[in-house]
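Per-entry structural report
Residues per chain are reported as follows:
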Amino acid sequence: MSAYQMNTLEWLESQAMYVMREVAAQFERPVMLFSGGKDSIVMSQLARKAFYPGPIPFPLMHIDTGHNFQETLDYRDWWMNELGATLIVRTVQDSIDQGRVQEEEGPSPSRNALQTVTLLDAIKEFQFDAAMGGARRDEEKARAKERFFSVRDRFGQWDPKNQRPELWHVFNGLKRPGEHFRVFPISNWTELDVWQYIAREEIPMPSLYFSHRREIVRREGVILARSPHVSLLDGERWEPARVRFRTIGDATCTGATESEAASVEDIIDEVAATRVTERGSRADDRRSEAAMEERKKQGYF
């Protein structure tokens with residue numbers, strides 16, 4: 001790794017920890033969202049370093065779709081124990097059972113959109129006034145519009161035209177009754193930065209990120225892994241392949257990538273050479289050109 005890359009990582013780390021400390025200083029009841037994916041893992045490591053030697057001064061919260069890979073859940077519980085962090089879990093299944101949302105129909109019903117209601121209900125339940133997420137601007141064009149401090153109205157909705165200037169890294173956390181903020185400390189990071197930081201910090205990662213043999217089905221350009229939540233369509237069949245995941249989410253819509261990358265160093269080389277973002281393998285983002293932006297306006301992460 002070159003000196004320039006090291007300096008870049010140090011600068012990104014310092015910026016992210018500064019944002020987290022600003023959140024802790026400006027808000028009364030912040031929370032960090034945790035999915036078990038690489039970005040939220042890096043976020044939690046940054047939080048641990050930002051407030052060391054004290055504990056992380058806010059809880060972490062997982063909105064569980066019920067369609068997670070088991071490897072993700074196992075890692076989540078192990079990592080929370082390593083961090084000594086407080087974990088809150090709220091489930092989409094509870095929202096379905098309570099009649100708050102309705103399950104999608106079809107062979108691969110995604111619960112990604114349903115998470116929004118579960119998340120907003122949890123924010124209201126705990127009266128969180130700031131929720132930190134691991135979104136990065138390089139992931140998707142709607143996320144590129146976000147500020148570090150992104151205000152949400154009393155309905156939890158996002159207005160991309162109603163954002164505050166952040167000159168000289170001065171963040172304005174003032175809010176009206178009922179509003180809350182989403183905060184994105186690693187906004188300026190890229191996927192490559194994330195993996196280089198994981199390598200530098202020697203962070204243990206879920207096995208899903210590394211090449212492994214798995215049964216998959218190819219559907220409309222997306223490789224879906226075999227799961228109790230994915231049903232075959234007419235003419236489809238399961239086939240073995242060596243794959244890994246660049247992003248981890250709902251098993252019904254998170255696509256795998258055929259890969260031989262079996263180490264963090266292999267992944268860094270692979271990411272450096274690719275020209276497709278990791279969300280290019282997400283089936284839910286392909287539902288429309290503005291799929292992510294519409295979900296964000298409704299209160300999505």
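Refer to the structure printed above.
Description of the structure in this document. (Residues numbered from 1 in each chain as written. Predicted model: local features only at pLDDT ≥ 70, side-chain atom pairs only at ≥ 80, totals over all residues. Heavy atoms only, no water.)

1. Brief notes about the pattern of salt bridges
- One pass over the full model with this rule turns up 21 salt bridges.
- A salt bridge links Arg-100 to Asp-121, with the shortest nitrogen-to-oxygen separation between them at 2.7 Å. Linking Arg-100 in the loop between α4 (92-97) and α5 (115-126) with Asp-121 in helix α5, this pair joins segments that are 21 residues apart in sequence.
- Take Asp-121: its relative accessible area is 27%, and that puts it in the partly exposed class.
- One salt bridge connects Arg-111 with Glu-103, and the closest N-O pair in it is separated by 2.6 Å.
- Beyond isolated ion pairs, a larger network of salt bridges with shared partners links Glu-13, Lys-49, Arg-200 and Glu-201. (Salt bridge = Lys/Arg side-chain N within 4 Å of Asp/Glu carboxyl O. Helix = DSSP H or I, 4+ residues; strand = E, 2+ residues; numbered from the N terminus. Buried < 20%, exposed > 50% of the residue type's maximum accessible area, 1.4 Å probe, protein only.)

2. What about α5?
- Relative to the 16 Å expected for twelve residues at 1.5 Å per residue, α5 spans 16 Å between its end C-alpha atoms, a close match to the ideal helical length.
- Within two residues after α5, Gln-127 carries a phi angle of roughly 55 degrees, on the positive side. (Expected span 1.5 Å × (residues − 1).)

3. A few points about the sheet that holds strand β2 (residues 60-64)
- Strand order in the open sheet formed by six strands is β3-β2-β1-β4-β6-β5, and the pairing between neighbours is mixed. Two strands close off the open sheet at either side, each with one partner strand: β3 (87-91) and β5 (149-152). Strand-to-strand twist across the sheet, computed as the mean angle between neighbouring axes with direction ignored, equals 30 degrees.
- Of the strand pairs in this sheet, strand β4 (residues 130-132) and strand β6 (residues 180-183) are connected by three bridges, and their pairing is parallel. What sits directly across from Ala-131, in β6, is Arg-182.
- Relative to strand β1 (residues 30-33), helix α2 (residues 38-50) is tilted by about 140 degrees, and along the sheet it contacts β1, β2 and β4. (Pairing = 2+ DSSP bridges. Axes fitted to C-alpha atoms, helices over the stretch in contact; angles between N-to-C directions. Contact = heavy atoms within 4.5 Å.)

4. Focus on the side chain of Gln-45
- Its place among the elements puts Gln-45 in helix α2.
- Here Gln-45 falls in the buried class, since its relative accessible area comes to 7%.
- With residues near it in sequence (within four places) discarded, Gln-45 still touches Trp-79, Tyr-197, Glu-201 and Ile-203.

5. Focus: the packing of α2 against helix α6 (residues 191-201)
- Taken N-terminus to C-terminus, the directions of α2 and α6 make an angle of 50 degrees; their axes are 10 Å apart at the nearest point. Comparing their axes, α6 and α2 come out oblique. The two elements α2 and α6 meet at a crossing, and its hand is left-handed. Between α2 and α6, the residues in contact are Lys-38, Asp-39, Val-42, Gln-45, Leu-46 and Lys-49 and Glu-191, Val-194, Trp-195, Tyr-197, Ile-198, Arg-200 and Glu-201, respectively.
- Across the contact of α2 with α6, the residue classes break down as six nonpolar, one polar and six charged. (Parallel < 35°, antiparallel > 145°, perpendicular 65-115°, else oblique. Left-handed = near helix turned anticlockwise from the far one by under 90°. Nonpolar A, V, L, I, M, F, W, Y, C, P; charged D, E, K, R; others polar.)

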